[in-house]
4 protein chains.
Amino acid sequence: MSDEKYFQNITLRERAIFEGAITMGALFHQFVGTPVSPKSVNSLEKAIEESLTLQPCIESVNVKISPQLMEEAENEYQYLSLTGEMLDVRVVSHYEGVKVVVRMHYIEELQYPLMYVEEID
Amino acid sequence: MSDEKYFQNITLRERAIFEGAITMGALFHQFVGTPVSPKSVNSLEKAIEESLTLQPCIESVNVKISPQLMEEAENEYQYLSLTGEMLDVRVVSHYEGVKVVVRMHYIEELQYPLMYVEEID
Amino acid sequence: MSDEKYFQNITLRERAIFEGAITMGALFHQFVGTPVSPKSVNSLEKAIEESLTLQPCIESVNVKISPQLMEEAENEYQYLSLTGEMLDVRVVSHYEGVKVVVRMHYIEELQYPLMYVEEID
Amino acid sequence: MSDEKYFQNITLRERAIFEGAITMGALFHQFVGTPVSPKSVNSLEKAIEESLTLQPCIESVNVKISPQLMEEAENEYQYLSLTGEMLDVRVVSHYEGVKVVVRMHYIEELQYPLMYVEEID
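Residues numbered from 1 in each chain as written. Chains lettered and ligands numbered in written order. Predicted model: local features only at pLDDT ≥ 70, side-chain atom pairs only at ≥ 80, totals over all residues.

Describing the overall build of chain A
Heads up, the rule is: Here a strand is any run of E in DSSP of at least two residues, a helix any run of H or I of at least four, and the numbering for each starts at the N terminus. Remark: C-beta atoms are placed from the backbone, and a residue is labelled buried if 20 or more other C-beta atoms sit within 10 Å of its own, exposed if 12 or fewer do, or partly exposed between those counts. Two residues qualify as a contact pair if the distance between their C-beta atoms, derived from the backbone, is within 7 Å.
Regarding its fold elements, chain A presents three helices and six strands. Its C-alpha atoms put chain A at 55 × 35 × 20 Å along the principal axes. The buried share among the 121 residues of chain A stands at 50%. Taking the intrachain contacts of chain A between residues at least 6 apart in sequence as the baseline, contacts between residues at least 24 apart amount to 58%.

In structure tokens form, the structure reads like this:
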């Protein structure tokens, strides 16, 4: 069984963009809110990377959670809830020879963690 | 301030696809797991629609949670956790005159809630 | 079928606390990250309330999302991701005549959205 | 700074139950929906354990995702979305000498992933 018939109306390039974008939206909304501290950050980054790489057409996912923002956690309990501001992510999608890098990171002038296409064949 | 400079490398059509796809991925991973029953289904559909319509370039979001699957909930507690199988969603994105409809619904032969581009200008 | 045999080792009061606490933890981690703006806030509050009230022993859920924090959203896109800081929630659980109010709200001196038992019979 | 004044109205035992229950509710609703396969299951289990152990009064978290249920994933894409049915979790909370084990696993006769107090001092 194949899903090809559902994608006849878009180009190879558009398909690669489509799948990379789904995965970036998924990543943000699955993991924002997770408790995180300097002690747990490595396992969280790894789990996010490995789980989202499973999605269709995804070649790799690279996640960096800002150590600086985590150090600012001065509450009683020594951890924070993960936010979009703390994330710097690269999702590489690949479809029939077209490779796309979708990136998300916080952009100061937009005051927003922007998702955009960083590289495309 | 504008984000335009981050999108110079893709076409208008690709941008509309990109934003629709992000929103569909976001929707699935934000709301899967939510407790739902026939009594609460209308408010949940409405909240999903209104919250995801806020995202960049999104014109409308239409969510239908399967009443049939909910009726199958025969557990002690009379509710279910929302799954991708129960969802039928249309996200309409719009960028500079290009309109894209991204759809997600469960497809029997794939055994998977597929996300795909249903309509594009 | 009943779940009673699983709760022989705790008191009625402890059961009511247990169920209220589960629901508060669930609420936070299900909905943090949801896009929200002054336009969508009412439907989101209602959906959170109706969905979490479905859980075992929950009598009512009351959610208030801070209008002040939302007004501070000055980004390009006019919406925010829901955070624990924005939430003020009361979950009322009830088990065999014992009523418990679990509350969560941001506490300045703790720099943390604390969950605690506000009232108990 | 301490949060003690917020917990004057409950016993030590109740506090330990309260914190364990919050963490179990949080765990379920944070991670249900995450893509998972036999390849990624170890990193996901570890990230869930390390992130939830950060919460107040939590001594340890042990997560087992059912390999049997994952093997049933016969869709085109070779992965599943994590559900409550797949999870077997033990959260150990500890407050001033009182230890509580909160457990969640799917119970066939209830058709429900029940959360309950498995052990208490």
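Structure's up, so let's keep going.
Overview of the interface of chain B and chain A
For clarity, the cut-off: Just so you know the grouping, Ala, Val, Leu, Ile, Met, Phe, Trp, Tyr, Cys and Pro go in nonpolar, Asp, Glu, Lys and Arg go in charged, and all remaining residues, Gly too, go in polar.
Each partner contributes to the interface: chain B provides 25 residues, whereas chain A provides 25 residues. Broken down by secondary-structure element, the contributors of at least two residues to the side of chain B that touches chain A are helix H1 (12–31) and strand S6 (112–120) of chain B. Top contributing element to the side of chain B that touches chain A by residue count: H1 of chain B, with twelve residues. Grouping the amino acids of the side of chain B that touches chain A by side-chain chemistry returns 17 nonpolar, five polar and three charged.

Describing the confidence of the model for chain A
Operational definition: As a per-residue measure, pLDDT tells how confident the predictor is, with possible values from 0 to 100.
Averaged over all residues, the pLDDT of chain A equals 94, while 96% of them reach at least 70. Confidence estimates for the predicted assembly give a pTM of 0.96 and an ipTM of 0.95.

Concerning the relation of the copies chain B and chain A
For clarity, the cut-off: Copies overlap after least-squares fitting; the atoms used are the C-alpha atoms of residues with pLDDT of at least 70 in both.
Superposing chain B onto chain A takes a rotation of 180 degrees combined with a translation of 0.0 Å along the rotation axis, leaving an RMSD of 0.0 Å. Interpreted geometrically, this transformation is the action of a two-fold axis. Here 100% of the interface residues in chain B have copies in chain A that are interface residues too; the copies meet face to matching face.

Some details on the sheet that holds strand S2 (residues 58–65) of chain B
Residues and elements named next belong to chain B. The test is simple: When DSSP finds two or more bridges between a pair of strands, those strands are recorded as paired. A fitted line through C-alpha atoms represents every axis, and for helices the fit uses only the stretch in contact; the resulting angles, taken between N-to-C directions, go from 0 to 180 degrees.
Ordered in space as S2-S4-S5-S6, the four strands form an open sheet in which the pairing is antiparallel. Each having just a single partner strand, S2 and S6 make up the two edges of the open sheet. Neighbouring strand axes in the sheet, compared pairwise and without regard to direction, differ in orientation by 15 degrees on average. Here S2 runs beside strand S4 (residues 87–95); their pairing, made up of seven bridges, is antiparallel. Residue Val 61 lies in a different strand from S4, and its bridge partner there is Val 91. Contacts from H1 reach S2, S4, strand S5 (98–107) and S6, with the element oriented near 150 degrees to S4.

Structural notes on the pairing of S6 of chain B
Residue and element names in this part refer to chain B. Pairing of S5 with S6, which is carried by eight bridges, proceeds in the antiparallel orientation. Note that in S6 the partner of Val 101 across the bridge is Glu 119. The antiparallel pairing of S5 with S6 creates a hairpin that spans four residues between the two strands, and Gln 111 there sits at a positive phi of about 50 degrees.

Focus: unusual backbone geometry
The phi dihedral of Cys 57 of chain B is positive, around 70 degrees, even though this residue is not glycine. Position of Cys 57 of chain B relative to the elements: it lies in the loop between helix H2 (41–52) and S2.

A short note on the sheet that holds strand S6 (residues 112–120) of chain D
Residue and element names in this part refer to chain D. Taken together, four strands build an open sheet; the order of strands is S2-S4-S5-S6 and the sheet is antiparallel. The open sheet terminates on both sides in strands that have one partner only, identified here as strand S2 (58–65) and S6. Going from strand to strand, the sheet's axes swing by 15 degrees on average, the running direction of each strand aside. Sheet analysis places strand S4 (residues 87–95) next to strand S5 (residues 98–107), joined by eight bridges and oriented antiparallel. For Ser 93, the partnering residue across the bridge sits in S5 and is Val 100. Most of the contacts of helix H1 (residues 12–31) go to S4, to which it runs at about 150 degrees, and overall it touches S2, S4, S5 and S6.

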